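Okay, here's what each chain looks like letter by letter:
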Amino acid sequence: MAQQSGTWNGKKSAVVLTYDDAIDVHLDHAIPALDSLGLKATFYLSVDSPGFSERTDEWTLVAKHGHELGNHTMYHPCAGNKPDRDWVRTEYDLATYSLDRIQKEILATNFVLQEIDGKKERTFAYPCGEYMVGDTSYIPLVEKNFVSARGVVARMLTKSNLDFYNVNSYTVHGQSGEELINLVKQAVEHGRLLVFMFHGIGGGHSIDVDLEAHSALLHYLKVHEQEIWIAPMVEVATYLRK
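In this text, all values refer to a predicted model and were calculated from it rather than measured experimentally. (Residues numbered from 1 in each chain as written. Predicted model: local features only at pLDDT ≥ 70, side-chain atom pairs only at ≥ 80, totals over all residues. Heavy atoms only, no water.)

K.L.:
Please explain the overall build of the protein chain as it appears in this structure.
P.N.:
Scanning the protein chain from N- to C-terminus turns up 8 helices and 12 strands. The contacts in the protein chain between residues at least 6 apart in sequence include a share of 72% that link residues at least 24 apart. Carbon together with sulfur atoms contributes 49% to the accessible area of the protein chain, which is approximately 11000 Å² in total. (Helix = DSSP H or I, 4+ residues; strand = E, 2+ residues; numbered from the N terminus. Contact = heavy atoms within 4.5 Å. Areas by Shrake-Rupley, 256 points an atom, 1.4 Å probe, with all protein chains shown as cover.)

K.L.:
Is there a simple way to explain the environment of F124 in this structure?
P.N.:
Summarising the element assignment, F124 is placed in strand β4 (residues 124-125). Take F124: its relative accessible area is 0%, and that puts it in the buried class. In sequence terms F124 and V142 are 18 residues apart; their C-alpha atoms lie 7.5 Å from each other. Look past the residues within four positions of F124 in its chain and what remains in contact with it is Y44, N71, T73, I106, Y138, V142, F146, S148, A149 and R150. (Buried < 20%, exposed > 50% of the residue type's maximum accessible area, 1.4 Å probe, protein only.)

K.L.:
What am I meant to see in the state of the cysteines here?
P.N.:
A covalent bond bridging the sulfur atoms of two cysteines is what the word disulfide describes. Scanning the entire structure with this criterion turns up 1 disulfide. The disulfide bridge from C78 ends at C128, spanning 2.0 Å between sulfur atoms. On the sign convention where negative is left-handed, the bridge of C78 and C128, at about 90° about the S-S bond, is right-handed. Linking C78 in the loop between β3 (68-71) and α4 (99-117) with C128 in the loop between β4 and β5 (132-133), this pair joins segments that are 50 residues apart in sequence. Since its relative accessible area comes to 1%, C78 is described here as buried. (Disulfide = S-S within 2.5 Å.)

K.L.:
Before we go on, may I ask you to explain the pattern of salt bridges in this structure?
P.N.:
Two side chains with opposite charge may pair up if their charged atoms get near one another. Counted by the stated rule, this structure contains 12 salt bridges. Among the ionic pairs, D100 bridges to K104, the shortest N-O distance being 3.1 Å. Here K104 and D100 lie together in helix α4, a separation of 4 residues that amounts to about one turn. Looking at D100, the relative accessible area reads 41%, which means it is partly exposed. What emerges from the salt-bridge pattern is a single network uniting D24, D28, R55 and E58. (Salt bridge = Lys/Arg side-chain N within 4 Å of Asp/Glu carboxyl O.)

K.L.:
Quick question: what am I supposed to make of the nonpolar core here?
P.N.:
Among soluble globular proteins, nonpolar side chains are generally buried collectively. In this structure, L17, Y19, F43, V184 and F196 are the most contacted members of the largest nonpolar core, which totals 45 residues. Residues in contact with V184, not counting those within four places in the same chain, are V15, L194, F196, L217, Y220, L221 and I228. The next biggest cluster of nonpolar side chains, apart from the first, holds 34 residues, and it includes L94, Y138, V147 and L240. (Core = buried A, V, L, I, M, F, W, Y, C linked by side-chain atoms within 4.5 Å.)

K.L.:
Is there a simple way to think about helix α3 (residues 56-64) in this case?
P.N.:
Given 3.6 residues per helical turn, the α-helix brings residues three or four places apart onto the same face. For α3, the set of buried residues is W59, V62 and A63. Taken end-on, α3 shows its buried residues confined to a sector of 95°, consistent with a single buried face. Within α3, the exposed residues directed more than 90 degrees away from the buried face are D57 and K64. G66, located one to two residues past α3, shows a positive phi value of around 100°. (Arc of directions from axis to C-beta.)

K.L.:
Teacher, can you tell me more about the packing of helix α6 (residues 177-190) against helix α7 (residues 211-223) here?
P.N.:
Remark: α6 packs on α7, axes separated minimally by 8 Å, with the N-to-C direction vectors making an angle of 30°. As judged from the angle between their axes, α6 and α7 are roughly parallel. For the pair α6 and α7, the sense of crossing is right-handed. On α7, the residues that touch G177, L180, I181, V184 and K185 of α6 are A213, A216, L217, Y220 and L221. Partitioning the contact of α6 with α7 into residue classes produces 8 nonpolar, 1 polar and 1 charged. (Axes fitted to C-alpha atoms, helices over the stretch in contact; angles between N-to-C directions. Parallel < 35°, antiparallel > 145°, perpendicular 65-115°, else oblique. Left-handed = near helix turned anticlockwise from the far one by under 90°. Nonpolar A, V, L, I, M, F, W, Y, C, P; charged D, E, K, R; others polar.)

K.L.:
Which parts of the structure should I look at to understand the pairing of strand β1 (residues 13-20)?
P.N.:
For a regular strand, side-chain orientation follows a simple rule: the groups alternate between the two sheet faces. Judged by how many residues are buried, β1 sits mostly within the fold: 8 of 8 residues are covered. Covered by surrounding structure in β1 are S13, V15, L17 and Y19 together with A14, V16, T18 and D20, the residues of both alternating faces. Two elements, β1 and strand β12 (residues 228-230), share 3 bridges in a ladder whose sense is parallel. Across the sheet, residue S13 finds its bridge partner in β12, namely I228. Across 6 bridges, β1 lies against strand β9 (residues 193-198) in parallel orientation. Counterpart to T18 in the pairing with β9 is M197. Handedness of the β1-helix α1 (residues 24-37)-strand β2 (residues 42-45) crossover: right-handed. (Pairing = 2+ DSSP bridges. Right-handed = clockwise from strand over helix to strand, strands pointing away.)

Any functional reading would require information beyond the geometric quantities listed.
Right, dumping it as structure tokens:
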């Protein structure tokens, strides 16, 4: 049964476009495509990334254009003891972190982002979708400092099953434009919130989608924006929390 249209700011469904890791292709490919259509998204930034630290002036403009600069930690720590995690540097292995260290790095990232965009409210994305430091969750820390937080489990959401501090999302990796559009159609049909998680856009990351598929999705959203609410995560979460 479809949700009432008023659930999603008066529209049939909501779509949030999120982009992780402050990759150069976000500035080179994603932002121009979004801005050409007047669509707004959330960019989860790890501020130690060269794609952020070497291009901060450009990220200032991204914020001025209405996109959200989300917090993705300072150094993107992930558990290094899982399969295919040889890319995790020893000093940023989440298994070696304390709650105090993750807190300091998250708050330092908030400070840097506020210097860029002047905003105090934003959302967070757990690197690798992981939120355990040892046997302790750092979600309570996130709850104190953010409007909402995005996770990585693929599921469409109703307002009643939405966990504001582990919002489900669909990883985009190699899908065709048609496949991405079909997800949007399902969200509209069933009155759901659909969150996309992008990394590479036409290259730039091992998790990637080609430019044509990305463009097809954006153009479909633009054509159907009368029935789909397309907004940054912070706007959607703030609205729904009210």
